[in-house]
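A closer look at the structure
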Amino acid sequence: MTCYRLAGRRDLFAFPYPIAIWRDPPSSVEFVKNLAESYGAVHIYTVGDVVTRNFLSQGLVPTSAAIDEKTRRGVKMEQLNLFKRVIRVVNPPGYITEEAWAAVEEAVGGGVVIKVEGEEDMLSLAFIKLAPPRSIVAYGHYMGALIAVPVDWYRSYILKLFDYLEKC
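Procedures and definitions
- Residues numbered from 1 in each chain as written.
- Predicted model: local features only at pLDDT ≥ 70, side-chain atom pairs only at ≥ 80, totals over all residues.
- Heavy atoms only, no water.
- Pairing = 2+ DSSP bridges.
- Helix = DSSP H or I, 4+ residues; strand = E, 2+ residues; numbered from the N terminus.
- Axes fitted to C-alpha atoms, helices over the stretch in contact; angles between N-to-C directions.
- Buried < 20%, exposed > 50% of the residue type's maximum accessible area, 1.4 Å probe, protein only.
- Lys, Arg positive; Asp, Glu negative; His and termini not counted.
- Salt bridge = Lys/Arg side-chain N within 4 Å of Asp/Glu carboxyl O.
- Polar contact = N/O pair within 3.5 Å; in protein donor to acceptor, adjacent residues only side chain to side chain.
- Contact = heavy atoms within 4.5 Å.
- Disulfide = S-S within 2.5 Å.
- Core = buried A, V, L, I, M, F, W, Y, C linked by side-chain atoms within 4.5 Å.

1. Digging into the sheet that holds strand β9 (residues 146-150)
The strand order β2-β9-β8-β3-β4-β7-β5 describes an open sheet built from seven strands, whose pairing is mixed. Only two strands of the sheet have a single partner each, and these edge strands are β2 (19-21) and β5 (85-91). Mean inter-strand twist for the sheet, computed between neighbouring axes without regard to direction, equals 20°. Direction of pairing for strand β8 (residues 135-140) relative to β9: antiparallel, over a ladder of five bridges. Across the sheet, Tyr139 pairs through a bridge with Ile147, a residue of β9.

2. Some words on the environment of Gly40
With respect to the helices, strands and loops of the structure, Gly40 is situated in the loop between α2 (27-39) and β3 (43-47). In this structure Gly40 comes out as partly exposed when scored by relative accessible area, which is 33%. As a C-alpha pair, Gly40 and Pro18 span 22 residues in sequence and 18 Å in three-dimensional space.

3. Brief notes about the side chain of Arg155
Checked against the element boundaries, Arg155 lands in helix α6 (residues 151-158). Within the buried set, Arg155 has no salt-bridge partner at all; the shortest N-O distance to an opposite charge, 4.1 Å, is to Asp152. Within the structure, Arg155 has its side chain in polar contact with the backbone oxygen of Ala131 (distance 2.8 Å). Sequence-distant contacts of Arg155, that is, excluding residues within four places in its chain, are made with Ile128, Lys129, Leu130, Ala131, Pro132 and Pro133.

4. Thoughts on the state of the cysteines
On inspection of all chains with the given rule, the structure shows one disulfide. Sulfur-sulfur distance for the disulfide between Cys3 and Cys168 comes to 1.9 Å. Around the S-S axis, the bridge from Cys3 to Cys168 shows a dihedral of about -85° and counts as left-handed. Residue Cys3 is found in the segment before β1 (4-6), and its partner Cys168 is found in the segment after β10 (165-167); the two are separated by 165 residues along the sequence. We classify Cys3 as buried; its relative accessible area is 11%. By relative accessible area, which is 34% here, Cys168 ends up partly exposed.

5. A few points about the nonpolar core
Among the nonpolar cores identified, the biggest contains 51 residues, and Phe55, Ile114, Leu125 and Phe127 are the most heavily contacted of them. Excluding residues that lie within four positions of it along the chain, Ile114 makes contacts with Ala65, Ala66, Ile67, Ile87, Val89, Ala103, Val104, Ala107, Leu123 and Phe127. By size, the runner-up hydrophobic cluster in this structure holds six residues, among which are Leu56, Ala65, Leu80 and Val113.

6. Focus on the side chain of Thr97
You can see Thr97 is positioned in the loop between β6 (95-96) and α4 (98-107). Setting aside anything within four residues of it in sequence, one finds Thr97 in contact with Thr2, Cys3, Val90, Asn91 and Pro92.

7. As for the pattern of salt bridges
Taken as a whole, this structure holds five salt bridges when the rule is applied. Salt-bridge contacts for Arg5 lead to Glu166; the nearest nitrogen and oxygen are separated by 2.3 Å. Residue Arg5 is found in strand β1, and its partner Glu166 is found in strand β10; the two are separated by 161 residues along the sequence. Among the residues examined, Arg5 registers a relative accessible area of 28% and is labelled partly exposed. For Arg9, the salt bridge goes to Asp11, with nearest N and O atoms at 2.9 Å.

8. Some remarks on the environment of Asn54
Relative to the elements of secondary structure, Asn54 occurs in helix α3 (residues 49-57). A sequence separation of 25 residues divides Asn54 from Val29, and the C-alpha atoms of the two residues are 7.1 Å apart. When near neighbours in sequence (up to four residues on either side) are disregarded, Asn54 contacts Pro25 and Val29.

Set out below in structure tokens:
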């Protein structure tokens, strides 16, 4: 069973790890595209409605994505037909539920959009842990930055955040 709950130190999870891109789209997406090319990335996973929409609108289809369709900016998700499969999960704020974890396990293979009832934010950690080598996980930071995590470079550091999660 793989289920995690945020128990404390919420401040550690709000930190903009590790590459924060403080540019508006399309420049932010172009930055990640250039990073992916120089890094030799094979996979890009997006977490969040705005991030996923920005990538799609720039013609950069993520390997897989996680969204909750509840953005403060009123973004309507389109182009989801570019993904082969939609997996619906329940994942409350501050959690990575067992079913959400299983969905990410499937999504790292590609072609999946995970539609979350609840909140998708914590799924970025699951993507970082489960993504294959040569992957980038991209998600939005609440202060407006696009965060890009080349997993080969940063996985071992970011996985230390699991020390601050309780198993549920």
